[in-house]
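Each chain, written out:
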Amino acid sequence: MFKNNRILRVLAAVMTVIMVACAFAGCSAVVQDPVVAKVGDVEILYSTFYNAFSTYAQYGIIDTSNSETAKDGRQMIMDMLVNSVVPVAEAHKLGMELTEEEMNKAKENALTAANRYLSQYEDSEIEDETERRENAIKAFDAAYKANGYSFAAILADMEQQYVDEALGQKILNEHYSTIAEPTDEEIQARYDKELAADKEAYEKDPSQYNTDESYYSYYGNLKPLVAPAGLYYVKHILIKNADNADEDKKDRDYKALAQEVLDKVNAGEDFEALMKEYNEDPGMDSKPDGYIVGETFENVYDEAFQKAAAALKKEGDVSGLVEGTYGIHIIKRYKDVSTDVVPLEDVKDDIKNLIMSEKKDEMYDQLMEQWKSELDVVTYDKRVQYVGVNQ
(Lines give C-alpha, C1' and ligand atoms only; values in the text may rest on other atoms or scores of the structure.)
Protein backbone atom coordinates (compact mmCIF):
# COMPACT_ATOMS: atom_id res chain seq x y z
CA MET A 1 0.00 0.00 0.00
CA PHE A 2 1.24 3.52 -0.71
CA LYS A 3 2.13 5.03 2.64
CA ASN A 4 1.27 8.56 3.73
CA ASN A 5 0.21 10.04 0.41
CA ARG A 6 0.50 13.84 0.66
CA ILE A 7 0.51 15.00 -2.94
CA LEU A 8 -0.51 18.62 -2.44
CA ARG A 9 1.79 19.03 0.55
CA VAL A 10 4.69 17.63 -1.48
CA LEU A 11 3.94 19.90 -4.43
CA ALA A 12 3.77 22.92 -2.15
CA ALA A 13 7.01 21.95 -0.41
CA VAL A 14 8.97 22.09 -3.67
CA MET A 15 7.53 25.45 -4.71
CA THR A 16 10.82 27.25 -4.07
CA VAL A 17 12.72 24.79 -6.21
CA ILE A 18 10.19 25.09 -9.02
CA MET A 19 10.28 28.87 -8.98
CA VAL A 20 14.07 28.89 -9.05
CA ALA A 21 14.15 26.43 -11.95
CA CYS A 22 11.51 28.43 -13.77
CA ALA A 23 13.51 31.60 -13.45
CA PHE A 24 16.67 30.02 -14.79
CA ALA A 25 14.77 28.27 -17.57
CA GLY A 26 13.73 31.66 -18.89
CA CYS A 27 10.11 32.03 -17.81
CA SER A 28 8.94 35.46 -18.81
CA ALA A 29 9.20 38.37 -16.47
CA VAL A 30 6.04 40.46 -16.17
CA VAL A 31 6.32 44.19 -16.73
CA GLN A 32 3.17 44.95 -14.76
CA ASP A 33 3.37 42.70 -11.73
CA PRO A 34 0.30 43.25 -9.55
CA VAL A 35 -0.29 41.60 -6.20
CA VAL A 36 -2.59 38.58 -6.58
CA ALA A 37 -2.77 37.63 -2.90
CA LYS A 38 -1.86 38.99 0.52
CA VAL A 39 -1.25 36.89 3.60
CA GLY A 40 -0.60 39.12 6.58
CA ASP A 41 2.33 41.29 5.51
CA VAL A 42 3.43 38.90 2.74
CA GLU A 43 2.48 39.68 -0.85
CA ILE A 44 2.25 37.16 -3.71
CA LEU A 45 2.89 38.70 -7.12
CA TYR A 46 1.36 37.86 -10.48
CA SER A 47 4.74 36.74 -11.85
CA THR A 48 5.07 34.18 -9.06
CA PHE A 49 1.59 32.85 -9.76
CA TYR A 50 2.06 32.82 -13.54
CA ASN A 51 5.45 31.08 -13.43
CA ALA A 52 4.19 28.46 -10.96
CA PHE A 53 1.08 27.78 -13.05
CA SER A 54 3.12 27.53 -16.25
CA THR A 55 5.59 25.11 -14.69
CA TYR A 56 2.88 22.83 -13.35
CA ALA A 57 1.07 22.94 -16.70
CA GLN A 58 4.30 22.11 -18.52
CA TYR A 59 4.72 18.96 -16.45
CA GLY A 60 1.11 17.90 -16.88
CA ILE A 61 0.09 18.49 -13.28
CA ILE A 62 -2.43 21.07 -14.47
CA ASP A 63 -4.70 20.35 -17.44
CA THR A 64 -5.24 23.47 -19.55
CA SER A 65 -7.23 21.70 -22.27
CA ASN A 66 -10.53 23.20 -21.11
CA SER A 67 -11.70 26.13 -19.02
CA GLU A 68 -12.90 24.09 -16.04
CA THR A 69 -9.66 22.17 -15.49
CA ALA A 70 -7.67 25.38 -16.02
CA LYS A 71 -9.85 27.04 -13.37
CA ASP A 72 -9.19 24.15 -11.00
CA GLY A 73 -5.49 24.53 -11.72
CA ARG A 74 -5.57 28.24 -10.89
CA GLN A 75 -7.27 27.46 -7.61
CA MET A 76 -4.69 24.79 -6.79
CA ILE A 77 -1.79 27.18 -7.45
CA MET A 78 -3.43 29.96 -5.44
CA ASP A 79 -4.02 27.61 -2.50
CA MET A 80 -0.44 26.34 -2.60
CA LEU A 81 1.09 29.79 -2.84
CA VAL A 82 -1.04 31.04 0.03
CA ASN A 83 -0.23 28.00 2.16
CA SER A 84 3.47 28.35 1.39
CA VAL A 85 3.64 31.83 2.91
CA VAL A 86 1.19 31.44 5.81
CA PRO A 87 3.93 30.21 8.22
CA VAL A 88 6.16 33.10 7.12
CA ALA A 89 3.41 35.65 7.75
CA GLU A 90 2.69 34.09 11.15
CA ALA A 91 6.39 34.25 12.03
CA HIS A 92 6.45 37.94 11.04
CA LYS A 93 3.39 38.60 13.17
CA LEU A 94 5.10 37.03 16.19
CA GLY A 95 8.35 38.89 15.52
CA MET A 96 10.25 35.65 14.95
CA GLU A 97 13.58 35.95 13.16
CA LEU A 98 16.32 33.66 11.95
CA THR A 99 19.54 33.55 13.88
CA GLU A 100 22.65 34.80 12.11
CA GLU A 101 23.70 31.19 11.57
CA GLU A 102 20.29 30.24 10.14
CA MET A 103 20.29 33.30 7.89
CA ASN A 104 23.76 32.54 6.56
CA LYS A 105 22.79 28.92 5.95
CA ALA A 106 19.72 29.94 3.94
CA LYS A 107 21.75 32.35 1.82
CA GLU A 108 24.47 29.74 1.37
CA ASN A 109 21.86 27.28 0.08
CA ALA A 110 20.54 29.92 -2.31
CA LEU A 111 24.03 30.62 -3.63
CA THR A 112 24.72 26.91 -4.09
CA ALA A 113 21.51 26.52 -6.08
CA ALA A 114 22.28 29.59 -8.20
CA ASN A 115 25.82 28.44 -8.90
CA ARG A 116 24.54 25.15 -10.30
CA TYR A 117 22.77 27.09 -13.03
CA LEU A 118 25.58 29.59 -13.47
CA SER A 119 28.06 26.75 -14.10
CA GLN A 120 26.39 26.17 -17.48
CA TYR A 121 27.88 29.49 -18.60
CA GLU A 122 31.41 28.93 -17.31
CA ASP A 123 34.28 28.74 -19.77
CA SER A 124 36.49 25.86 -18.63
CA GLU A 125 39.44 27.32 -20.54
CA ILE A 126 39.58 30.29 -18.14
CA GLU A 127 41.90 29.14 -15.35
CA ASP A 128 41.43 31.96 -12.87
CA GLU A 129 38.35 31.16 -10.77
CA THR A 130 37.33 34.78 -10.17
CA GLU A 131 37.68 35.66 -13.84
CA ARG A 132 35.79 32.52 -14.85
CA ARG A 133 32.90 33.40 -12.56
CA GLU A 134 32.75 37.02 -13.70
CA ASN A 135 32.73 35.89 -17.31
CA ALA A 136 29.94 33.38 -16.58
CA ILE A 137 27.82 36.10 -14.96
CA LYS A 138 28.27 38.33 -18.01
CA ALA A 139 27.26 35.47 -20.29
CA PHE A 140 24.24 34.69 -18.12
CA ASP A 141 23.11 38.32 -18.04
CA ALA A 142 23.41 38.54 -21.82
CA ALA A 143 21.38 35.35 -22.30
CA TYR A 144 18.55 36.48 -20.01
CA LYS A 145 18.49 40.19 -20.76
CA ALA A 146 15.43 39.77 -22.99
CA ASN A 147 13.60 38.07 -20.12
CA GLY A 148 14.28 40.99 -17.81
CA TYR A 149 16.63 39.03 -15.56
CA SER A 150 20.18 39.43 -14.30
CA PHE A 151 22.14 36.97 -12.18
CA ALA A 152 22.37 39.47 -9.32
CA ALA A 153 18.61 40.05 -9.34
CA ILE A 154 17.81 36.35 -9.44
CA LEU A 155 20.28 35.60 -6.66
CA ALA A 156 18.65 38.28 -4.49
CA ASP A 157 15.20 36.81 -5.18
CA MET A 158 16.47 33.32 -4.42
CA GLU A 159 18.03 34.43 -1.15
CA GLN A 160 14.69 35.91 -0.09
CA GLN A 161 12.88 32.72 -1.09
CA TYR A 162 15.28 30.54 0.88
CA VAL A 163 15.19 32.86 3.89
CA ASP A 164 11.39 32.87 3.87
CA GLU A 165 11.32 29.11 3.53
CA ALA A 166 13.74 28.72 6.45
CA LEU A 167 11.68 31.09 8.61
CA GLY A 168 8.45 29.27 7.79
CA GLN A 169 10.05 25.93 8.57
CA LYS A 170 11.44 27.30 11.83
CA ILE A 171 8.02 28.21 13.23
CA LEU A 172 6.61 24.86 12.08
CA ASN A 173 9.49 22.96 13.70
CA GLU A 174 8.88 24.74 16.98
CA HIS A 175 5.34 23.38 16.99
CA TYR A 176 6.41 19.94 15.75
CA SER A 177 8.83 19.68 18.66
CA THR A 178 5.86 19.49 21.04
CA ILE A 179 4.58 16.25 19.48
CA ALA A 180 5.05 13.24 21.74
CA GLU A 181 6.88 10.30 20.18
CA PRO A 182 4.73 7.22 19.58
CA THR A 183 4.67 4.58 22.30
CA ASP A 184 5.60 0.94 21.73
CA GLU A 185 1.89 0.13 21.89
CA GLU A 186 1.14 2.64 19.11
CA ILE A 187 3.95 1.23 16.98
CA GLN A 188 2.74 -2.36 17.48
CA ALA A 189 -0.84 -1.41 16.63
CA ARG A 190 0.26 0.39 13.48
CA TYR A 191 2.45 -2.55 12.45
CA ASP A 192 -0.50 -4.94 12.85
CA LYS A 193 -2.74 -2.61 10.84
CA GLU A 194 -0.24 -2.25 7.99
CA LEU A 195 0.43 -5.99 7.87
CA ALA A 196 -3.28 -6.79 7.66
CA ALA A 197 -3.76 -4.16 4.95
CA ASP A 198 -0.86 -5.54 2.91
CA LYS A 199 -2.16 -9.09 3.13
CA GLU A 200 -5.62 -8.03 1.99
CA ALA A 201 -4.35 -5.85 -0.85
CA TYR A 202 -1.89 -8.39 -2.26
CA GLU A 203 -4.41 -11.21 -2.08
CA LYS A 204 -6.70 -9.16 -4.32
CA ASP A 205 -3.95 -7.98 -6.66
CA PRO A 206 -0.46 -9.51 -6.35
CA SER A 207 0.97 -6.91 -8.74
CA GLN A 208 0.30 -4.24 -6.10
CA TYR A 209 3.24 -5.71 -4.16
CA ASN A 210 5.53 -4.85 -7.06
CA THR A 211 4.12 -1.31 -7.18
CA ASP A 212 4.64 -0.80 -3.45
CA GLU A 213 8.10 -2.34 -3.47
CA SER A 214 9.14 -0.05 -6.33
CA TYR A 215 7.72 2.96 -4.49
CA TYR A 216 9.68 2.02 -1.39
CA SER A 217 12.93 1.50 -3.32
CA TYR A 218 12.67 5.02 -4.76
CA TYR A 219 11.10 7.01 -1.93
CA GLY A 220 11.63 5.02 1.27
CA ASN A 221 8.93 5.28 3.95
CA LEU A 222 7.58 1.80 4.85
CA LYS A 223 8.34 -1.33 2.89
CA PRO A 224 5.68 -3.98 2.17
CA LEU A 225 5.50 -6.24 5.23
CA VAL A 226 4.65 -9.46 3.41
CA ALA A 227 4.67 -10.71 -0.17
CA PRO A 228 2.02 -12.90 -1.81
CA ALA A 229 3.00 -16.37 -2.93
CA GLY A 230 4.01 -17.04 -6.51
CA LEU A 231 6.23 -14.04 -7.19
CA TYR A 232 9.83 -14.28 -8.36
CA TYR A 233 12.68 -12.17 -9.68
CA VAL A 234 13.90 -12.03 -13.25
CA LYS A 235 16.83 -10.26 -14.85
CA HIS A 236 17.29 -9.59 -18.50
CA ILE A 237 19.66 -8.43 -21.19
CA LEU A 238 18.02 -5.88 -23.47
CA ILE A 239 19.43 -5.15 -26.90
CA LYS A 240 17.59 -2.07 -28.10
CA ASN A 241 16.09 -1.84 -31.58
CA ALA A 242 16.83 1.03 -33.96
CA ASP A 243 13.90 3.10 -32.69
CA ASN A 244 15.23 3.09 -29.12
CA ALA A 245 18.99 2.64 -29.42
CA ASP A 246 21.53 5.40 -28.92
CA GLU A 247 22.41 7.31 -32.05
CA ASP A 248 25.70 5.49 -32.58
CA LYS A 249 23.95 2.10 -32.42
CA LYS A 250 20.96 2.68 -34.68
CA ASP A 251 22.62 1.18 -37.78
CA ARG A 252 23.81 -2.04 -36.15
CA ASP A 253 22.18 -5.43 -36.68
CA TYR A 254 20.62 -5.65 -33.24
CA LYS A 255 19.02 -9.03 -33.97
CA ALA A 256 22.37 -10.56 -34.83
CA LEU A 257 23.90 -9.09 -31.68
CA ALA A 258 21.06 -10.47 -29.55
CA GLN A 259 21.57 -13.92 -31.07
CA GLU A 260 25.29 -13.69 -30.35
CA VAL A 261 24.56 -12.88 -26.71
CA LEU A 262 22.01 -15.71 -26.43
CA ASP A 263 24.57 -18.14 -27.86
CA LYS A 264 26.98 -17.10 -25.12
CA VAL A 265 24.28 -17.61 -22.48
CA ASN A 266 23.46 -21.06 -23.84
CA ALA A 267 27.15 -21.91 -23.91
CA GLY A 268 27.25 -21.40 -20.14
CA GLU A 269 28.85 -17.97 -19.89
CA ASP A 270 28.03 -16.03 -16.73
CA PHE A 271 24.69 -14.23 -17.15
CA GLU A 272 25.63 -11.46 -14.71
CA ALA A 273 28.82 -10.71 -16.62
CA LEU A 274 26.99 -10.73 -19.95
CA MET A 275 24.33 -8.44 -18.50
CA LYS A 276 27.01 -6.01 -17.36
CA GLU A 277 28.57 -6.03 -20.83
CA TYR A 278 25.51 -5.97 -23.08
CA ASN A 279 22.37 -4.93 -21.21
CA GLU A 280 20.90 -1.59 -22.34
CA ASP A 281 18.15 -1.26 -19.73
CA PRO A 282 19.31 1.33 -17.16
CA GLY A 283 16.39 0.33 -14.94
CA MET A 284 18.23 -2.80 -13.92
CA ASP A 285 20.80 -0.67 -12.09
CA SER A 286 18.24 0.14 -9.40
CA LYS A 287 16.99 -3.46 -9.18
CA PRO A 288 19.88 -5.56 -7.82
CA ASP A 289 17.59 -8.54 -7.22
CA GLY A 290 15.83 -8.11 -10.56
CA TYR A 291 12.31 -7.24 -11.61
CA ILE A 292 9.44 -8.82 -9.68
CA VAL A 293 7.18 -10.98 -11.84
CA GLY A 294 3.98 -12.90 -11.23
CA GLU A 295 1.99 -15.05 -13.62
CA THR A 296 -1.13 -12.97 -13.01
CA PHE A 297 0.52 -9.59 -13.57
CA GLU A 298 -1.16 -7.39 -16.18
CA ASN A 299 -0.02 -4.06 -17.62
CA VAL A 300 3.08 -3.99 -15.42
CA TYR A 301 5.72 -4.60 -18.08
CA ASP A 302 5.93 -4.65 -21.85
CA GLU A 303 3.49 -7.37 -22.94
CA ALA A 304 6.12 -9.52 -24.69
CA PHE A 305 8.46 -9.28 -21.70
CA GLN A 306 5.69 -10.14 -19.23
CA LYS A 307 4.52 -13.17 -21.22
CA ALA A 308 8.02 -14.57 -21.63
CA ALA A 309 8.96 -13.94 -17.99
CA ALA A 310 5.77 -15.65 -16.79
CA ALA A 311 6.64 -18.70 -18.89
CA LEU A 312 9.87 -19.33 -16.93
CA LYS A 313 8.89 -22.10 -14.51
CA LYS A 314 11.91 -22.52 -12.26
CA GLU A 315 15.00 -20.69 -11.07
CA GLY A 316 17.71 -20.70 -13.72
CA ASP A 317 15.36 -20.96 -16.71
CA VAL A 318 16.32 -18.67 -19.60
CA SER A 319 14.07 -17.44 -22.39
CA GLY A 320 14.95 -17.37 -26.04
CA LEU A 321 15.00 -14.10 -27.95
CA VAL A 322 11.96 -12.06 -26.96
CA GLU A 323 11.05 -9.23 -29.33
CA GLY A 324 9.40 -6.40 -27.44
CA THR A 325 8.63 -2.74 -27.89
CA TYR A 326 12.13 -1.58 -26.98
CA GLY A 327 14.16 -4.35 -28.55
CA ILE A 328 15.10 -7.95 -27.86
CA HIS A 329 15.13 -9.38 -24.33
CA ILE A 330 16.96 -12.41 -23.00
CA ILE A 331 15.35 -13.16 -19.64
CA LYS A 332 16.54 -15.34 -16.78
CA ARG A 333 14.51 -16.41 -13.76
CA TYR A 334 16.14 -15.93 -10.37
CA LYS A 335 15.00 -16.65 -6.80
CA ASP A 336 11.42 -16.52 -5.52
CA VAL A 337 10.27 -13.48 -3.60
CA SER A 338 10.21 -14.44 0.07
CA THR A 339 6.77 -14.73 1.66
CA ASP A 340 8.19 -14.40 5.18
CA VAL A 341 6.59 -11.61 7.20
CA VAL A 342 8.95 -8.71 7.88
CA PRO A 343 9.39 -8.66 11.69
CA LEU A 344 8.46 -5.58 13.66
CA GLU A 345 12.02 -4.98 14.83
CA ASP A 346 13.19 -4.57 11.22
CA VAL A 347 10.75 -1.74 10.54
CA LYS A 348 10.19 -0.26 14.00
CA ASP A 349 12.03 2.97 13.20
CA ASP A 350 10.23 3.30 9.87
CA ILE A 351 6.84 2.89 11.53
CA LYS A 352 7.82 5.36 14.22
CA ASN A 353 8.80 7.88 11.55
CA LEU A 354 5.58 7.20 9.66
CA ILE A 355 3.46 7.89 12.74
CA MET A 356 5.43 11.04 13.53
CA SER A 357 5.06 12.22 9.95
CA GLU A 358 1.31 11.76 10.10
CA LYS A 359 1.12 13.59 13.42
CA LYS A 360 3.05 16.46 11.85
CA ASP A 361 0.64 16.45 8.91
CA GLU A 362 -2.29 16.63 11.29
CA MET A 363 -0.70 19.46 13.24
CA TYR A 364 0.21 21.27 10.01
CA ASP A 365 -3.40 21.20 8.84
CA GLN A 366 -4.59 22.46 12.21
CA LEU A 367 -2.01 25.23 12.28
CA MET A 368 -2.82 26.32 8.74
CA GLU A 369 -6.51 26.50 9.53
CA GLN A 370 -5.83 28.44 12.72
CA TRP A 371 -3.28 30.83 11.24
CA LYS A 372 -5.33 31.59 8.15
CA SER A 373 -8.32 32.40 10.35
CA GLU A 374 -6.20 34.80 12.39
CA LEU A 375 -4.21 36.36 9.55
CA ASP A 376 -5.64 38.75 6.98
CA VAL A 377 -5.75 36.56 3.84
CA VAL A 378 -6.93 38.23 0.62
CA THR A 379 -6.83 36.73 -2.88
CA TYR A 380 -7.47 38.72 -6.06
CA ASP A 381 -8.75 35.92 -8.27
CA LYS A 382 -9.85 38.22 -11.09
CA ARG A 383 -6.23 39.25 -11.63
CA VAL A 384 -5.33 35.69 -12.62
CA GLN A 385 -8.58 34.64 -14.30
CA TYR A 386 -7.00 34.46 -17.75
CA VAL A 387 -3.90 32.48 -16.74
CA GLY A 388 -4.07 29.13 -18.52
CA VAL A 389 -6.47 30.36 -21.18
CA ASN A 390 -5.09 29.30 -24.57
CA GLN A 391 -1.86 28.31 -22.83
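Summarised in this report is the structure supplied together with it.

Rules and cut-offs
Residues numbered from 1 in each chain as written. Predicted model: local features only at pLDDT ≥ 70, side-chain atom pairs only at ≥ 80, totals over all residues. Heavy atoms only, no water. Helix = DSSP H or I, 4+ residues; strand = E, 2+ residues; numbered from the N terminus. Contact = heavy atoms within 4.5 Å. Areas by Shrake-Rupley, 256 points an atom, 1.4 Å probe, with all protein chains shown as cover. Lys, Arg positive; Asp, Glu negative; His and termini not counted. Charge placed at Lys NZ, Arg CZ, Asp CG, Glu CD. Axes fitted to C-alpha atoms, helices over the stretch in contact; angles between N-to-C directions. Parallel < 35°, antiparallel > 145°, perpendicular 65-115°, else oblique. Nonpolar A, V, L, I, M, F, W, Y, C, P; charged D, E, K, R; others polar. Pairing = 2+ DSSP bridges. Buried < 20%, exposed > 50% of the residue type's maximum accessible area, 1.4 Å probe, protein only. Phe/Tyr/Trp six-rings, centres within 6.5 Å; stacked < 30°, edge-to-face > 60°. Lys NZ or Arg CZ within 6 Å of the ring centre and 35° of its normal. Core = buried A, V, L, I, M, F, W, Y, C linked by side-chain atoms within 4.5 Å.

1. Section: the overall build of the protein chain
Along the protein chain, the regular secondary structure elements total 13 helices and seven strands. Projected onto its principal axes, the C-alpha positions of the protein chain cover 70 × 60 × 50 Å. Contacts spanning at least 24 positions in sequence make up 73% of the contacts within the protein chain whose residues lie at least 6 apart. Here the protein chain displays about 22,100 Å² of accessible surface, and carbon together with sulfur accounts for 47% of that area. Separation of charge centres in the protein chain, based on 42 positive and 76 negative side chains, amounts to 2 Å.

2. Here's the deal with the packing of helix α4 (residues 67–93) against helix α7 (residues 151–176)
Two elements in contact, α4 and α7, have axes whose closest approach is 8 Å; the angle formed by their N-to-C orientations is 75°. The orientation of α4 with respect to α7, classified from their angle, is roughly perpendicular. Here P87, V88, E90, A91 and H92 of α4 lie close against α7, whose contacting residues are D164, L167, G168, I171 and L172. Each residue belonging to the contact of α4 with α7 can be placed in one class, and the counts come to six nonpolar, two polar and two charged.

3. Considerations on the sheet that holds strand β7 (residues 377–379)
One open sheet accounts for three strands, arranged β2-β1-β7; its pairing is antiparallel. The sheet is open, and its two borders are formed by β2 (42–45) and β7, each paired with just one other strand. With direction set aside, neighbouring strand axes in the sheet form an average angle of 20°. Pairing of strand β1 (residues 35–39) with β2 involves four bridges; the strand directions are antiparallel. Paired with K38 across the two strands is E43, which belongs to β2.

4. Things to note about helix α12 (residues 303–310)
What α12 keeps buried is the set F305, Q306, A308, A309 and A310. Where the residues of α12 are buried, they touch β3 (232–240), β4 (291–293), β5 (322–323) and β6 (327–336).

5. Some remarks on the side chain of E90
As for its placement among the helices and strands, E90 is situated in helix α4. Taking relative accessible area as the criterion, E90 reaches 5% and is therefore assigned buried. Ignoring sequence-local partners within four residues, the contact set of E90 consists of I171, W371 and L375.

6. Focus: the packing of aromatic side chains
Tallying each qualifying case throughout the model produces 12 aromatic pairs. Seen from their ring centres, Y218 and Y219 are 6.4 Å apart, and the 55° between their planes marks the pair as tilted. The pair formed by Y218 and Y219 is uniform in burial state, with each residue classed as exposed. Through a chain of ring-to-ring contacts, three or more aromatic side chains come together here, namely Y121, F140, Y144 and F151. In this arrangement the basic side chain of K332 is found over the ring face of Y334, its NZ or CZ atom lying 5.4 Å from the centre. Just above the ring of Y380 sits the side chain of R383; from NZ or CZ to the centre is 4.1 Å.

7. What to know about the nonpolar core
F49 and I77 are the most contacted members of the largest nonpolar core, which has 54 residues in total. Tallying contributions element by element places α4 first for this core, with 11 residues. Sequence-distant contacts of I77, that is, excluding residues within four places in its chain, are made with F49, A52, F53, Y56 and I62. In terms of nonpolar packing, the next biggest core, distinct from the first, is built from 36 residues, Y202, A227, L231 and M275 among them.

Nothing here speaks to function; it is all geometry.
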